[in-house]
Amino acid sequence: MAEQQPQPNPERKSLDDRAKMTELERIRHSCAHVLATAILRLWPDAQFAYGPPVETGFYYDLECSHRISPEDFEQIEAEMKKEIKANHSFEKLTVTRDQAIADAQSGRLGGLAERPGNASKFKLDLLKQIPEGEAISYYRNGDFIDLCAGPHVMRTGNIGAFKLTTVAAAYYKGDEKGPQLQRIYGTAFKNKTALEEYFKMLEEAKRRDHRKIGTEMGLFAIDTEFVGPGMPLWLPKGTVLVEELEKLAKETEFAAGYVRVKTPHLAREKMYKTSGHLPYYAESMFPPMELAGEGKADPELERKIKAAEDKLRDMTAQVNAIESKEQTVGGTEEDDEALGEDLYREGELREELAQLTAARNAPERYYLKAMNCPHHHRIFAAQPKSYRDLPLRLAEYGTCYRYEQSGELFGLMRVRSLNMNDAHIYCTEEQFADEFKAVNEMYLKYFKIFGLEKYQMRFSTHSKEGLGKKYVNEPELWLKTEDMVRKVLNDSGINYVEVANEAAFYGPKIDVQVWSAIGREFTIATNQVDFAVPAKFGLTYRDKDNTQKTPLCIHRAPLGTHERFIGFLIEHYAGNFPLWLAPDQVRVITLNDDAALIDYAKPIVNELRANMVRVDADYSATPFKAKIADAEQSRVHTMLVIGGRDMEAGAVSVRLHHGGPQGAKPKAEVVADILASIKERRA
């Protein structure tokens, strides 16, 4: 039996990736080693897999006879503090492969000392992941030695402030067939102040959780019993947010020269096979629907069926002629041989015709669309194009469906039904720079509207190793289009980082990272270059020299999906939306139910409503303070309070949610300011 090859480790970073570790990542990576040291002092039989730094801290996966729980954290942290206080140096040791294997077999590697009978099994497996010719190194801090390529801080004392956070179960290398390990999470920062600020941010994030606020405000519901998980229902107030964002996008895109299209929610299997999404993207798509009797229009198949029918008819006539001859005048030996051959051939033709007919009558497979781009490609192909028609910018708020795993669903952030702020720009190479730059400028405009001051664009490129596997096998086009994107980003002064081996399968892409008001990072949008799929659909335009050429395609979605972007905005604003976006924009509140006050208030309500302002009124006899409390709890943005003095002065008293009283102002001035604020989409 052949030796089973080790499964690749998804957490293993390349040496180049490790060299780019930030100072904070080095602190966290070092803290993971200190965590392992502390656990071994408490439970010496522990077996360690790997412990990388991650976005919010670090973790270490281990197998241990003791089931570690949060109640153990205080004891573990005490041991970690001892190791930090000891100020041991992180010493790098380069060893041979044979030495590393021997140390793992003795239990020394990933341990404090040799452990006879307790070989470091995960380290033995991880050694197999290190390519031949690549140096094998350890890092030692005190008695602990770990298989590691680094880097680390100089000494354990350089680790600032840390805290263990959670414990979870995790499969080794993420493989469900592998052993289940304990995963201990923690975080570390340069100092105690930064650590405290981080946990304050987490507490504030809990308060701003979009699921909590969404329920309080009545924005959306997820009905898992009747509708299904991951498919939000937008309630009236949430629909306001959806429609305001769509209105913003439509106005912005109209001004930028986009044209709007609408496409169906599903398409034939052929669409996604042509685009290349099948079979590679099948796991993220809902299973197909099979529809019988669709009468597939396939001219080539019909031609083959007719040819087989004609051949079968001729062969049957030939067989009948020989059989008739034998019955009337008797056949020769040659006739018998011919009849046998013809009967055999007739059987083959019948089988061939049966297979062709079965193919024609087979159920047609339809898929719910997981992306809009193939539909837009077919719209491009629907009419002949010339260079004069380019750039062509097709925009759609199209609903897509993705079969996210149930364990990955999370409120509005990870759903199965999503509305994409999608568009595809078809352009020539000469037009590419201006078009790509214009898309990035649209992002910056949106950032300003929503008050997003911190952002970063992640420019994802391909890897040579992935060509023909993870990426379209067009090495020259990859380098060319990546250089084009890089040049636009540099010329525009865009804040970006370049990340290898994370491109889309058909071209380089940009993921847009933004930070909310409390410093939480989100990926909200994407911008992709496609040099491959238009050719698969045969998309061409007639150029100036009268030749047919394939356009480049830019996929862009500055507002991402309604679901994810609204989830982000709920947390960014903590539900306190700016006036133009607020579900409850204005409430007119009379001091009491006096008829004169009500008569004064009604024209104000009517004028605002005539201008499409979302306004309601409270003319009840409810105590004034209770009216204000109700408006505040409902997060009404602007309250117009009317009492006797306001009426006499032709004014209203303005109160803002979370802004308090703003004083009395002439009613015409207040109405004009409300309308201007909404029109200008003031923050």
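Residues numbered from 1 in each chain as written. Predicted model: local features only at pLDDT ≥ 70, side-chain atom pairs only at ≥ 80, totals over all residues. Heavy atoms only, no water.

(A) Molecular detail of the packing of aromatic side chains. Applying the stated criterion to the full structure yields 22 aromatic pairs. A centroid spacing of 4.9 Å and a plane angle of 70 degrees characterise the contact between Phe505 and Tyr506, whose relative ring orientation is edge-to-face. Three or more aromatic residues joined by ring pairs form one cluster here, namely Phe450, Phe522, Phe565, Phe568 and Trp580. The aromatic ring of Phe380 is capped on one face by Lys385, whose charged end is 4.9 Å from the ring centroid. Here Lys454 stacks its cationic end above the ring of Trp515, 4.4 Å away from the centre of that ring. (Phe/Tyr/Trp six-rings, centres within 6.5 Å; stacked < 30°, edge-to-face > 60°. Lys NZ or Arg CZ within 6 Å of the ring centre and 35° of its normal.)

(B) Quick look at the nonpolar core. Formed by 84 residues in total, the largest nonpolar core has its most connected members in Phe432, Phe450, Val514, Ile524, Leu569 and Phe577. Aside from chain neighbours lying at most four places away, what touches Phe450 is Leu245, Leu248, Leu559, Phe565, Leu569, His572, Tyr573, Trp580 and Leu581. (Core = buried A, V, L, I, M, F, W, Y, C linked by side-chain atoms within 4.5 Å. Buried < 20%, exposed > 50% of the residue type's maximum accessible area, 1.4 Å probe, protein only. Contact = heavy atoms within 4.5 Å.)

(C) Layout of the pairing of strand β6 (residues 144-147). Of the two faces of β6, the one carrying Phe144 and Asp146 and the one carrying Ile145 and Leu147 are both buried. Sheet topology note: the strand β5 (residues 136-141)/β6 ladder contains four bridges and is antiparallel. Within the sheet, the bridge partner assigned to Tyr139 lies in β6 and is Asp146. (Helix = DSSP H or I, 4+ residues; strand = E, 2+ residues; numbered from the N terminus. Pairing = 2+ DSSP bridges.)

(D) Structural context of a negative patch on the surface. On the surface, a cluster of negative charge is contributed by Glu333, Glu334, Asp336, Glu337 and Glu341. Mapping Glu333 onto the fold places it in helix α11 (residues 333-361). A relative accessible area of 60% means that Glu333 is categorised as exposed. (Patch = residues over 30% accessible without salt bridge, like charges linked within 9 Å, V, L, I, M, F, W, Y side chains within 5 Å. Areas by Shrake-Rupley, 256 points an atom, 1.4 Å probe, with all protein chains shown as cover. Salt bridge = Lys/Arg side-chain N within 4 Å of Asp/Glu carboxyl O. Lys, Arg positive; Asp, Glu negative; His and termini not counted. Charge placed at Lys NZ, Arg CZ, Asp CG, Glu CD.)

(E) Quick peek at the pattern of salt bridges. Tallying each qualifying case throughout the model produces 48 salt bridges. Residues Glu63 and Lys121 are paired through a salt bridge, measuring 2.7 Å at the closest nitrogen-oxygen approach. Here Glu63 is found in strand β3 (residues 57-63), whereas its partner Lys121 is found in helix α5 (residues 121-127), with 58 residues between them in sequence. Residue Glu63 is classed as partly exposed on the basis of its relative accessible area, which comes to 26%. Note on Lys121: relative accessible area 41%, which makes it partly exposed. Across the pair Lys273 and Glu269 runs a salt bridge whose closest N-O atoms are separated by 3.7 Å.

(F) Main features of helix α18 (residues 624-633). Looking at α18, one finds that the buried residues are Lys627, Ile628, Ala631 and Glu632. Along the axis of α18, the buried residues cluster in a sector spanning 135 degrees; they form a single face. Residues of α18 that are exposed and angled more than 90 degrees away from the buried face: Lys625 and Gln633. Buried residues along α18 sit in contact with β24 (586-590), β25 (615-618), β26 (638-642) and β27 (651-656). Residue Arg635 follows α18 closely and has a positive phi angle near 60 degrees. (Arc of directions from axis to C-beta.)

So, to be careful, I would describe these as geometric facts and stop short of saying anything about function.
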